Amino acid sequence: MNPIIAILKEHKVSDAKINELFQTLTENPLMAMGTLGQLGIPTEKLQQLLGLVMQKPALIKEAVLELGLDFSKVEAAKAQLQK
């Protein structure tokens, strides 16, 4: 299992909320970061999670594919951020 998804599940984040989070991440990464902060995950785990997201972007792709979402939206969002 993807480590990002594993941390979320460890803190009892529902599958629906995980899908919603990654959907937001594919459309608006900055908004997803705010959403992560509202999940009630303890600070040290949240920092670990954010570190994974920022340091290993390939994990985002893996999680998106594992969840069956459209990765092309992630690529479009990334291109938009680089403008």
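Provided above is the structure to which this section pertains.
Just so we're clear, the structure is a prediction, and the values are computed from it rather than from any experiment.

A. Representation of the side chain of Asn2. Within the fold, Asn2 resides in the segment before helix H1 (3-10). Taking the relative accessible area as the measure of exposure, Asn2 reaches 2% and is therefore buried. Here the side chain of Asn2 touches Ile4 through a polar contact of 2.8 Å, landing on its backbone nitrogen. Polar side-chain contacts of Asn2 include one of 2.8 Å to the backbone oxygen of Leu59. The residues touching Asn2, leaving out its near neighbours within four places in the chain, are Leu59, Glu62, Ala63 and Glu66.

B. Spotlight on the pattern of salt bridges. Here the structure, examined in full by the defined rule, presents 3 salt bridges. In this structure, Lys9 engages Asp15 in a salt bridge whose closest nitrogen and oxygen atoms are separated by 2.3 Å. Glu20 is the partner of Lys17 in a salt bridge, and the nearest nitrogen-oxygen pair spans 3.4 Å. Taken as a pair, Lys17 and Glu20 lie in helix H2 (residues 15-27) at a separation of 3 residues, close to a single helical turn.

C. Looking closely at empty space enclosed by the protein. Applying the stated criterion across every chain yields a total of 2 cavities of 30 Å³ or more. Here the largest cavity is characterised by a volume of approximately 50 Å³. As for the largest cavity, its lining consists of Ile4, Leu21, Phe22, Leu25, Ala32, Met33, Leu36 and Val53. By residue class, the composition of the lining of the largest cavity is 8 nonpolar, no polar and no charged. If you trace the second largest cavity, you find it lined by Lys17, Glu20, Leu21, Thr35 and Leu39.

About the thresholds
- Sequence positions are assigned chain by chain, starting from 1 and proceeding in written order.
- The model is predicted, so local features are restricted to residues of pLDDT at least 70 and side-chain atom pairs to those at 80 or more, both for listing and for counting; the totals for chains, interfaces and linings are taken over all residues.
- Note that water and hydrogens are dropped before the side-chain values are worked out from all heavy atoms of the structure.
- Comment: elements are numbered from the N terminus, with helices defined as DSSP H or I runs of at least four residues and strands as E runs of at least two.
- Exposure categories follow from relative accessible area, calculated using a 1.4 Å probe and restricted to protein chains: below 20% of the type maximum is buried, above 50% is exposed, and the middle band is partly exposed.
- Each polar contact in these results corresponds to two N or O atoms within 3.5 Å; when the atoms are within protein, one needs to be able to donate a hydrogen and the other to accept it, and residues that are neighboring in sequence are counted only if both atoms are side-chain atoms.
- The contact criterion used is simple: two residues touch if any of their non-hydrogen atoms lie within 4.5 Å.
- Throughout this description, the term salt bridge denotes a Lys or Arg side-chain nitrogen within 4 Å of a carboxyl oxygen of Asp or Glu.
- Every definition here rests on a 1 Å grid over the protein atoms only: cavities are sets of points where a 1.4 Å probe fits but cannot get out, pockets are open sets enclosed by protein on both sides within 12 Å along at least five of seven lines, and lining residues have some atom within 4 Å of a point.
- Grid points are joined across faces, edges and corners, and a volume is the space filled by probe spheres set on the points.
- Each residue gets one of three labels, nonpolar for Ala, Val, Leu, Ile, Met, Phe, Trp, Tyr, Cys and Pro, charged for Asp, Glu, Lys and Arg, and polar for the others, Gly among them.

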